[in-house]
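# Structural overview
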Amino acid sequence: MKHKNFLYHLIACLTVFVWGGTFVNSKVLILHGMTPEEIFMVRFLIAYIAIWTVSPHRLWADNWRDEGLMLLLGITGGSLYFVSENWAVSISYVNNVSFIVCTAPLITTLLAIAFLKDVKATPSLILGSLLALAGVAIVIFNGHFVLKLNPVGDLLALNAAFCWAIYSLLMKNVTGRYGAVFITRKVFFYGLVTMIPFFAVHPWQFPLSGFLHPVIAGNLIFLGFIASFLCFFLWSWVNKKIGALKASNYIYLNPITTVVVSALVLSEPMTTLAFVGSAMILIGVFFANRH
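All of these numbers come straight from a predicted model, not from anything done at the bench.

## Digging into the side chain of Ser 168
Mapped onto the elements, Ser 168 comes out in helix H7 (residues 151–174). Taking relative accessible area as the criterion, Ser 168 reaches 1% and is therefore assigned buried. If we ignore the near neighbours within four places in the chain, the residues touching Ser 168 are Thr 108, Asn 239, Ala 244 and Ser 248.

## Quick look at the packing of aromatic side chains
Under the counting rule described, the total for this entry stands at 22 aromatic pairs. Here Trp 164 and Trp 235 contribute two aromatic rings whose centre-to-centre distance is 6.4 Å and whose plane-to-plane angle is 40°, an arrangement assigned as tilted. Residue Trp 164 is found in helix H7, and its partner Trp 235 is found in helix H10 (residues 214–242); the two are separated by 71 residues along the sequence. Take Trp 164 and Trp 235: they sit in the same class, and that class is buried. On the numbers, 5.1 Å between centres and 70° between planes, the contact of Phe 189 with Tyr 190 is edge-to-face. Taking relative accessible area as the criterion, Tyr 190 reaches 10% and is therefore assigned buried. Connected via pairs of aromatic rings, a cluster forms that spans Trp 19, Phe 40, Phe 44, Tyr 81, Phe 82, Trp 164, Tyr 167, Phe 188, Phe 232 and Trp 235. Directly above the aromatic system of Phe 182 lies the positively charged group of Arg 58, at a separation of 4.9 Å from the ring centroid.

How each quantity is defined
- Residues numbered from 1 in each chain as written.
- Predicted model: local features only at pLDDT ≥ 70, side-chain atom pairs only at ≥ 80, totals over all residues.
- Heavy atoms only, no water.
- Helix = DSSP H or I, 4+ residues; strand = E, 2+ residues; numbered from the N terminus.
- Buried < 20%, exposed > 50% of the residue type's maximum accessible area, 1.4 Å probe, protein only.
- Contact = heavy atoms within 4.5 Å.
- Phe/Tyr/Trp six-rings, centres within 6.5 Å; stacked < 30°, edge-to-face > 60°.
- Lys NZ or Arg CZ within 6 Å of the ring centre and 35° of its normal.

What follows is the structure, given as structure tokens:
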């Protein structure tokens, strides 16, 4: 049993590490002319096609209430989350946005304590979460402690954090009754459907011929197949095995990969403080996830 629990936590770590590196993929695509909305649409479309090949039969949940929950999952974990985060980056400072979005596990913990009877605030959970959050701040600011406020951008980033926290708690309601593949497919479907209205405000501009460019195609395939199809499925599965609260704490690991991949691919510096912050995140996640 201990070996299985270790496997679930390891998969959660690896999933978040992949998500942390997607910042670089998205940045490369934006530099090649794609908008955040276009990236999301293609990313989730690839993921939806991929998951449809392994789960094509069942179309609807058991009842309208559960179907409504699937819609909310698609919004909070898909369209609204990604749009809020990407718009925040476009009008605010990246450091601000990264730090605020990584408060999602702490928000998840606070909402769970407030609304779920079976979740109690233990000292290790609180101290571990706060230690990991402090580590996130150190890693993201990477030795440059300059916080400049942009109210609109920071509120959008906070909205993204709340979206992911709600997504995590909604998962708790459905993972016990539906399989991970079915849930993941519904998230992709409703994420795509609820993204369509955004193109009424920002029409599609990227030329179709651009998808033939190896850099564009490669990054989109990675985002769609690995970071979305595979990782969202694994995340749904891990939520079912270890619970939404424990799984959400691994989001604190996200900036570690972001900083490392940025240093390797984009030649952005990684200071000693970034290593210290990474260690604090790992220790904090360990204590937050102790029984």
